[in-house]
Amino acid sequence: MHGYDSSKDDYLKRLRRIEGQVRGIARMVDEDVYCIDVLTQIAAVTKALQAVSIGLVEDHLGHCVVDAARRDPEEGAAKVREASDAIARLVRS
């Protein structure tokens, strides 16, 4: 079981909406829409993906990391390092 299991349907709905936005951006480029309008839509998609990412991080910390720490301190520490690395990747992106 993953930390996001209880929110899986919500995540999938949000990701499908983002997928539609990305297809819309491709259509905008194909139709030679003004650059700034395309960039505005890209910013909206980026923000939406960041929101999904934050939710997944919260679910991971609240479920996977906590459960691992309860089972074994070393396993918990490994999950914290894993989460820290994932957060660092998100911050750099």
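Residues numbered from 1 in each chain as written. Predicted model: local features only at pLDDT ≥ 70, side-chain atom pairs only at ≥ 80, totals over all residues. Heavy atoms only, no water.

The protein is annotated in an unreviewed UniProt entry as Transcriptional regulator of Cellulomonas persica.

On to the packing of helix α2 (residues 35-71) against helix α3 (residues 73-92). At a minimum axis distance of 7 Å, the contact between α2 and α3 shows a crossing angle of 165°. Classed by the angle they form, the pair α2 and α3 counts as roughly antiparallel. α2 and α3 meet at a crossing whose hand is left-handed. In contact with Ser53, Val57, His60, Leu61, Cys64, Val65, Ala68, Ala69 and Arg71 of α2, α3 contributes Pro73, Glu75, Gly76, Lys79, Val80, Glu82, Ala83, Ile87 and Leu90. In terms of residue class, the contact of α2 with α3 is made up of 11 nonpolar, 3 polar and 4 charged. (Axes fitted to C-alpha atoms, helices over the stretch in contact; angles between N-to-C directions. Helix = DSSP H or I, 4+ residues; strand = E, 2+ residues; numbered from the N terminus. Parallel < 35°, antiparallel > 145°, perpendicular 65-115°, else oblique. Left-handed = near helix turned anticlockwise from the far one by under 90°. Contact = heavy atoms within 4.5 Å. Nonpolar A, V, L, I, M, F, W, Y, C, P; charged D, E, K, R; others polar.)

Attention now goes to a nonpolar patch on the surface. Taken together, the side chains of Tyr34, Ile36, Leu39 and Ile42 present a nonpolar region at the surface, about 410 Å² in accessible area. Along the chain, Ile42 turns up in helix α2. (Patch = residues over 30% accessible without salt bridge, like charges linked within 9 Å, V, L, I, M, F, W, Y side chains within 5 Å. Areas by Shrake-Rupley, 256 points an atom, 1.4 Å probe, with all protein chains shown as cover. Salt bridge = Lys/Arg side-chain N within 4 Å of Asp/Glu carboxyl O.)

Now for the layout of surface pockets. Of the volumes computed, that of the largest pocket is approximately 180 Å³. The wall of the largest pocket is formed by His2, Gly3, Tyr4, Ser53, Leu56, Val57, Asp59, His60, Cys64, Glu82, Ala83 and Ala86. If you list the elements that add at least two residues to the lining of the largest pocket, you get α2 and α3. Class assignment of the residues belonging to the lining of the largest pocket gives a composition of 6 nonpolar, 4 polar and 2 charged. (1 Å grid on protein atoms, 1.4 Å probe; cavity = no way out; pocket = protein on both sides within 12 Å on 5 of 7 lines; lining within 4 Å. Points joined across faces, edges and corners; volume = space filled by probe spheres on them.)

Now for the nonpolar core. Of all hydrophobic cores here, the largest spans 7 residues; its members are Tyr11, Ile18, Ile25, Met28, Val38, Val45 and Val52. Mapped onto this core, the elements with two or more residues apiece are α1 (8-30) and α2. The element that contributes the greatest number of residues to this core is α1, accounting for 4 residues. For Met28, the residues in contact, after removing those within four places along its chain, are Val33, Asp37, Val38 and Gln41. (Core = buried A, V, L, I, M, F, W, Y, C linked by side-chain atoms within 4.5 Å. Buried < 20%, exposed > 50% of the residue type's maximum accessible area, 1.4 Å probe, protein only.)

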